[in-house]
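# Overview (structure and organization)
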Amino acid sequence: MSTPRHPEVTSITAVPTSMAEDQGRRLRQYMAQMGLRIVLIMLAAFFVDGWLLWVCIAGAIVLPYTAVIFANAGRDRTTHEVAAVPPVPPAELPATPTAPPAEQHRVVEHRVVDHQEGDQSAGTDDTDRKDDD
């Protein structure tokens, strides 16, 4: 008889993220880059001058392109490959003994004594008698 084959257990970490989670991640990433662009435009317009002004302008020009590229890149393709967890077989029951050891059984007989007036066969009262068992 062949040994039973257990199906391979799929790890939950190998499951890709849902479409809604992926779209949310890409939207947050795009909004963060556009927020940085607004900060760069504000810096260039009001607070910096010289070479730092040109760095802010270059960043404000390049960021929309990179934000769109990253946002449209599609789903996260990182894999989370892990080894499958083998199922744990159930524990085996211990073997039962073949026969219980021989014991001496004590048999107790119950006798009903009828205590009627005039019955002298009982001899003594049952409450006064002690039996040695």
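Every residue gets a number counted from 1 within its own chain, in the order that chain's sequence is written. Local features in this predicted model are restricted to residues of pLDDT 70 or higher, and side-chain atom pairs are both shown and tallied only at a pLDDT of 80 or more, whereas totals for entire chains, interfaces and linings draw on every residue. Remark: hydrogens and water are excluded; side-chain values derive from all non-hydrogen atoms of the structure.

Attention now goes to the overall build of the chain. Numbering goes from the N terminus for both helices and strands, where a helix is a DSSP run of H or I of at least four residues and a strand is a run of E of at least two. Secondary structure assignment for the chain yields two helices and zero strands. Throughout, exposure labels follow a simple rule: accessible area from a 1.4 Å probe, protein chains only, divided by the maximum for the residue type, with under 20% read as buried, over 50% as exposed, and the rest as partly exposed. Every one of the 133 residues in the chain was classed for burial, and the buried ones make up 10%. For the chain, contacts bridging at least 24 residues in sequence account for 71% of all contacts bridging at least 6. The contact rule is simple, with two residues in contact once any of their heavy atoms fall within 4.5 Å.

On to helix α1 (residues 19–47), then. Taking 1.5 Å per residue as the helical rise, α1 with its 29 residues ought to reach 42 Å, and the 41 Å between its terminal C-alpha atoms agrees with that figure. Burial in α1 covers these residues: D22, R26, Q33, M34, L40 and A44. Looking at the buried side of α1, the elements it contacts are α2 (51–71). By this rule the span expected of a helix is its residue count minus one, scaled by 1.5 Å.

What follows covers the nonpolar core. Definition used in this section: a nonpolar core is a set of buried Ala, Val, Leu, Ile, Met, Phe, Trp, Tyr and Cys residues joined via side-chain atoms within 4.5 Å. Core analysis: the largest hydrophobic core is formed by six residues, namely L40, A44, V48, C56, A60 and L63. Contributing elements (two or more residues each) for this core: α1 and α2. Among the elements that make up this core, the one with the highest residue count is α2 (three residues). The residues touching L63, leaving out its near neighbours within four places in the chain, are Q33, M34, L36, R37 and L40.

Further remarks concern the packing of α1 against α2. In this analysis, axes come from line fits to C-alpha atoms, helices being fitted only over the stretch in contact, and the angle between any two N-to-C directions falls in the range 0 to 180 degrees. Axis separation between α1 and α2 bottoms out at 8 Å; the angle between their running directions is 165°. Judged by the inter-axis angle, α1 sits roughly antiparallel to α2. As for how α1 packs across α2, the hand of that crossing is left-handed. Packed against α1, whose contacting residues are R26, Q29, Y30, Q33, M34, L36, R37, L40, I41, L43 and A44, the element α2 presents L53, C56, I57, G59, A60, L63, P64, T66, A67, V68, F70 and A71 at the interface. Gly falls in the polar group here, along with every residue not listed as nonpolar (Ala, Val, Leu, Ile, Met, Phe, Trp, Tyr, Cys, Pro) or charged (Asp, Glu, Lys, Arg). Residue composition of the contact of α1 with α2, grouped by class: 17 nonpolar, four polar and two charged. In what follows, roughly perpendicular refers to angles from 65 to 115 degrees, roughly parallel to angles under 35, roughly antiparallel to angles over 145, and oblique to any angle outside these ranges. Crossing handedness is defined as follows: a turn of the near helix away from the far one that is anticlockwise and smaller than a right angle gives a left-handed crossing, while the clockwise case is right-handed.

These values are about where atoms sit, not about what they do.
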